[in-house]
Amino acid sequence: MVRFKHRYLLCELVSDDPRCRLSLDDRVLSSLVRDTIARVHGTFGAAACSIGFAVRYLNAYTGIVLLRCRKEFYQLVWSALPFITYLENKGHRYPCFFNTLHVGVCKVETFHKLLTTVTHVPGTIRTCQKFLIQYNRRQLLILLQNCTDEGEREAIQKSVTRSCLLEEEEESGEEAAEAME
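Residues numbered from 1 in each chain as written. Predicted model: local features only at pLDDT ≥ 70, side-chain atom pairs only at ≥ 80, totals over all residues. Heavy atoms only, no water.

Chemist: Would you mind showing me how to read the overall build of the chain here?
Modeler: Looking only at helices and strands, the chain features 5 helices and 8 strands. Buried positions account for 33% of the 181 residues belonging to the chain. Contacts spanning at least 24 positions in sequence make up 64% of the contacts within the chain whose residues lie at least 6 apart. (Helix = DSSP H or I, 4+ residues; strand = E, 2+ residues; numbered from the N terminus. Buried < 20%, exposed > 50% of the residue type's maximum accessible area, 1.4 Å probe, protein only. Contact = heavy atoms within 4.5 Å.)

Right under this line is the structure:
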């Protein structure tokens, strides 16, 4: 039996219009990426990337998207993402772009600030999850540093601790329900 290897691209959908992210749907996003690959790379790119391509994770509030594709063709997907300039859903067209956060790159070498070569790309969701945790921590620190007064800082800290406590309560509630069964 043959195991097919995949690569994961962690992206952020950036838009000035908040309705853009709230209208996100994995089917709409998947068809948008596939259409863009077909437009940029032709029928070969569309056929190569259609097998094994999927939107594995989508967070409409943060705009974080995790795309899965075959190992052999991840560069086709990666190179087509900058050509996405709008999101069309339910008759509305929202300007946006994809910011690629992580491709599981372990080592990047830069020569003369012009040429960048990627030497290793691991293919697990776990590496993307680890990167996303670090990215969110950095974003939170930037948000806290940009606070203008102590009231904003306390409101953000309360919001973060409240969401952490809610997650812990949900987990403990699920464990108690499983124990009762």
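Chemist: So what exactly am I meant to see when it comes to the sheet that holds strand β2 (residues 54-59) here?
Modeler: The pairing of strands in a sheet comes from backbone hydrogen bonds and takes either a parallel or an antiparallel form. An order of β2-β3-β1-β6 is seen for the 4 strands of this open sheet, with the pairing classed as antiparallel. Where the open sheet ends on each side, the last strands, each with one partner, are β2 and β6 (97-102). On average, adjacent strands in this sheet sit at an angle of 30 degrees to one another, irrespective of strand direction. Relative to strand β3 (residues 64-70), strand β1 (residues 6-14) runs antiparallel, the two sharing 7 bridges. Each residue of the ladder has a partner; that of Leu9, found in β3, is Leu67. Strands β2, β3 and β6 of the sheet are contacted by helix α2 (residues 26-50), whose axis makes an angle of about 130 degrees with β2. Helix α4 (residues 125-145) contacts β1, β3 and β6 of the sheet and is inclined by roughly 30 degrees relative to β1. (Pairing = 2+ DSSP bridges. Axes fitted to C-alpha atoms, helices over the stretch in contact; angles between N-to-C directions.)

Chemist: Just to check I follow, could you spell out the pairing of β2 for this structure?
Modeler: The two faces of a sheet get side chains in turn, since along a regular strand they alternate between them. Of the pairings in the sheet, the one linking β2 to β3 comprises 5 bridges and is antiparallel in character. Within β3, the position partnered with Leu58 by the bridge is Val65. Two successive antiparallel strands, β2 and β3, enclose a turn made up of 4 residues, where Gly63 displays a positive phi of approximately 80 degrees.

Chemist: So what exactly am I meant to see when it comes to α4 here?
Modeler: Given 3.6 residues per helical turn, the α-helix brings residues three or four places apart onto the same face. Over its 21 residues, α4 runs 30 Å from end to end, which matches the ideal 30 Å to within 8%, given 1.5 Å per residue. What α4 keeps buried is the set Cys128, Phe131, Leu132, Tyr135 and Leu144. (Expected span 1.5 Å × (residues − 1).)

Chemist: Help me out: how do you make sense of α2 in this one?
Modeler: Along its 25 residues, α2 runs just 15 Å from first to last C-alpha, ending more than 12% under the 36 Å computed at 1.5 Å per residue. Along its length, α2 shows its largest kink, about 140 degrees, at His41. By the burial criterion, the buried members of α2 are Val28, Leu29, Ser30, Leu32, Val33, Thr36, Ile37, Gly45, Ala48 and Cys49. Lining the buried residues of α2 we find β2, β3, α3 (74-80), β4 (86-89) and β6. (Bend = angle between axes of the 7 residues up to and from the residue.)

Chemist: Would you take a moment to explain the packing of aromatic side chains for this structure?
Modeler: Following the criterion strictly, the structure yields 3 aromatic pairs and no others. Seen from their ring centres, Phe44 and Phe73 are 6.3 Å apart, and the 80 degrees between their planes marks the pair as edge-to-face. Taken together, the residues Phe44 in helix α2 and Phe73 in the loop between β3 and α3 connect sequence positions 29 residues apart. Residue classification places Phe44 among the exposed residues on the basis of a relative accessible area of 55%. On the basis of relative accessible area, Phe73 is assigned to the partly exposed category, the value being 23%. (Phe/Tyr/Trp six-rings, centres within 6.5 Å; stacked < 30°, edge-to-face > 60°.)

Chemist: I would appreciate a short explanation of unusual backbone geometry in the present structure.
Modeler: Backbone geometry follows two general trends: most residues other than glycine have a negative phi, and most peptide bonds adopt the trans configuration. The phi angle at Lys90 is positive, at roughly 55 degrees, despite the residue not being glycine. Mapped onto the elements, Lys90 comes out in the loop between β4 and β5 (92-95). We classify Lys90 as exposed; its relative accessible area is 75%.

Chemist: Any chance you could explain the nonpolar core here in plain terms?
Modeler: A general tendency of soluble globular proteins is for nonpolar side chains to be buried together. Residues Leu9, Leu67, Val77, Leu81, Leu87 and Phe98 are the most contacted members of the largest nonpolar core, which totals 28 residues. Listed by contribution, the elements that provide at least two residues to this core are β1, α2, β3 and α3. For this core, the element with the most residues is α2, which contributes 7 residues. In this structure Val77 touches Val33, Ile37, Cys49, Phe53, Leu67 and Cys69, once residues within four positions along its chain are discounted. Core analysis: the next-biggest nonpolar cluster, separate from the first, contains 9 residues, Leu66, Leu101, Phe131 and Leu132 among them. (Core = buried A, V, L, I, M, F, W, Y, C linked by side-chain atoms within 4.5 Å.)

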